[in-house]
Amino acid sequence: MNFVFISPHFPENFYHFCESLKRNGVNVLGIGDTDYNNLRPELKSSLNEYYRVNSLENYNDVFHAVAYFTYKYGKIDWLESMNEYWLLQDARLRTDFNITSGIRNDQIDFIKYKSEMKALYELAGVKTARYHVVDNYENTKAFIAEVGYPVIVKPNNGVGASHTYKIKSDEELDYFFATRDNTEIIMEEFINGELVSYDGIANSKREVIYETSHVFPRQVMNIVNEQMDCFYWSRREIPEDLKDAGRRVIKAFPSNSRCFHCEFFVLNEDKEGLGKKGDILGLEVNMRTPGGITPDMMNYAADINIFDIYANMVCYDEARIDTTHKKYYCVYASRRKEHHYNTSLEDVKNRYAANIVTTFTNAPAIATAMGDYVLVARFENEEDIIPFVNSVIEGI
């Protein structure tokens, strides 16, 4: 089996996917824009061959790399980047090389464009926030008259929380129209809710072979725009209503043979036209693994190897690992280098030495949303989460 992995060196922990695929006997072929000598040794030993391009942004360069691998090794069976930024390019490459194991051009709109997701959420029977693809001032004002301020604006085709913010008044709306560019923008009603995720891996029949959930008390939009400290954690048990909604979404979306990261709101209050307090609303679906260190957090929470589960799905269409028991809540908490804190990092590390599983510094490209200095810990009891988080993020 020939598996082309786009950008296997970034994010840094994604080399584990290549390791697991290699252990399963897969021919792993890497394409990246960094020099081969700069790849970590574990990644080098997991790749059958590596093709360096000057820029992964240049489609022709990446196309020629896949063509070279096709000429040398035969038909490509899989092509993935596991990265939201490259989803469109991945789909185009699969289409051009007739790679049938993933999302192609005819399906990509449903997972890349936020407005297109709404139809599949409806098919899954999951409500979403009302929305308006911004066209002119009059129609936009009519939408706001229906849902009220505040509203959330973001690129219809965007990555993460980039350029996502809240508009709270007519004056701010006027400024938005006066300064906007040609980017297609989707506007949604504001939802007062807790952000939760449903994460996992689906096989070729859109059956979930691994599932978990994370809680995000602070929304990424606020973390980025207000430069807040970031923290979130995994659950030991997935609430049944979230599990039900998540599985229905995976059946409705083009989730065949993929990792997934689905985001939902749990309403903090009754919302007219949408639901009651505690109801679940669909936010976004990302057909890739959760970002950053989250795959490793899945491992720490259950003492499993999520990368092996993915490789087993690729090769055997099943997990082949017991995924039913999660032993811990796994917690991510970070600091920003420009902030000041009550307790030194060393004191926090010493206090929670028995719980901390890893510490590291994020790359600048990730730090804007995820913080600079990161501590990841795990606990058997839920009540231990907040004291740990507070010890990391409390400022002076």
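Residues numbered from 1 in each chain as written. Predicted model: local features only at pLDDT ≥ 70, side-chain atom pairs only at ≥ 80, totals over all residues. Heavy atoms only, no water.

### Some points on the layout of surface pockets
And step 1. Taken as a whole, the second largest pocket spans an internal volume of roughly 400 Å³.
And step 2. As for the second largest pocket, its lining consists of 19 residues, of which Glu 12, Asn 13, Ile 293, Phe 360 and Asn 362 are closest to the centre.
And step 3. Taken together, the elements giving at least two residues each to the lining of the second largest pocket come down to helix H1 (15-23), helix H11 (294-302), strand E15 (356-361) and helix H14 (364-370). (1 Å grid on protein atoms, 1.4 Å probe; cavity = no way out; pocket = protein on both sides within 12 Å on 5 of 7 lines; lining within 4 Å. Points joined across faces, edges and corners; volume = space filled by probe spheres on them. Helix = DSSP H or I, 4+ residues; strand = E, 2+ residues; numbered from the N terminus.)

### A short note on the sheet that holds strand E1 (residues 2-6)
And step 1. Across the sheet, which stays open at both edges, the 4 strands sit in the order E3-E2-E1-E4 with parallel pairing between neighbours. Pairing within the sheet leaves two strands with one partner each, and these edge strands are strand E3 (49-52) and strand E4 (78-80). Across the sheet, the axes of successive neighbouring strands diverge by a mean angle of 15°, strand direction being ignored.
And step 2. Two strands pair when backbone bridges link them, and E1 and E4 are joined in this way by 3 bridges, in the parallel orientation. What sits directly across from Phe 5, in E4, is Glu 80.
And step 3. Along the sheet face, helix H12 (residues 306-316) touches E1 and E4 and points at about 150° away from the line of E4. (Pairing = 2+ DSSP bridges. Axes fitted to C-alpha atoms, helices over the stretch in contact; angles between N-to-C directions. Contact = heavy atoms within 4.5 Å.)

### Quick look at the pairing of strand E16 (residues 373-379)
And step 1. Burial of E16 is extensive: 6 of the 7 residues sit out of reach of the surface.
And step 2. One ladder, built from 7 bridges, connects strand E14 (residues 329-335) with E16; its direction is antiparallel. Looking at E16, one finds that Arg 335 is bridged to Tyr 373.
And step 3. Note that E15 and E16 share 5 bridges and pair antiparallel. (Buried < 20%, exposed > 50% of the residue type's maximum accessible area, 1.4 Å probe, protein only.)

### Here's the deal with the nonpolar core
And step 1. With 43 residues, the main nonpolar core has Val 249, Phe 253, Phe 264 and Phe 388 as its most contacted residues.
And step 2. Formed by 30 residues, the second largest nonpolar core is a distinct cluster that contains Tyr 15, Ile 304, Ala 311 and Val 314. (Core = buried A, V, L, I, M, F, W, Y, C linked by side-chain atoms within 4.5 Å.)

### Overview of the sheet that holds strand E9 (residues 193-202)
And step 1. Read from one edge to the other, the open sheet built from 8 strands follows the order E13-E12-E9-E10-E11-E14-E16-E15, with strand pairing classed as antiparallel. Two strands bound the open sheet, and with one partner strand each, they are strand E13 (280-286) and E15. Here the average twist between neighbouring strands, direction ignored, is 20°.
And step 2. Its contacts with the sheet put helix H6 (residues 114-124) on strand E12 (258-267) and E13, and the angle it makes with E13 is roughly 125°.

### Some remarks on unusual backbone geometry
And step 1. With an omega dihedral of -5°, the bond running from Phe 10 to Pro 11 counts as a cis peptide bond.
And step 2. As for its position among the elements, Pro 11 is in the loop between E1 and H1.
And step 3. A cis amide bond, omega -5°, links Tyr 149 with the succeeding residue Pro 150.
And step 4. Positionally, Pro 150 belongs in the loop between helix H7 (137-147) and strand E6 (151-155).
And step 5. Look at Met 82: it is not a glycine, yet its phi comes out positive at around 60°.
And step 6. Note on placement: Met 82 falls in the loop between E4 and helix H4 (87-96).

### Some thoughts on the pairing of E6
And step 1. Within E6, 5 of the 5 residues are buried, leaving the element largely enclosed by the surrounding structure.
And step 2. Here E6 runs beside strand E7 (residues 165-167); their pairing, made up of 3 bridges, is antiparallel. Bridge pairing in E7 links Ile 152 to Lys 166.
And step 3. Pairing of E6 with strand E8 (residues 185-189), which is carried by 5 bridges, proceeds in the antiparallel orientation. Following the sheet pairing, Pro 155 is matched in E8 by Ile 185.

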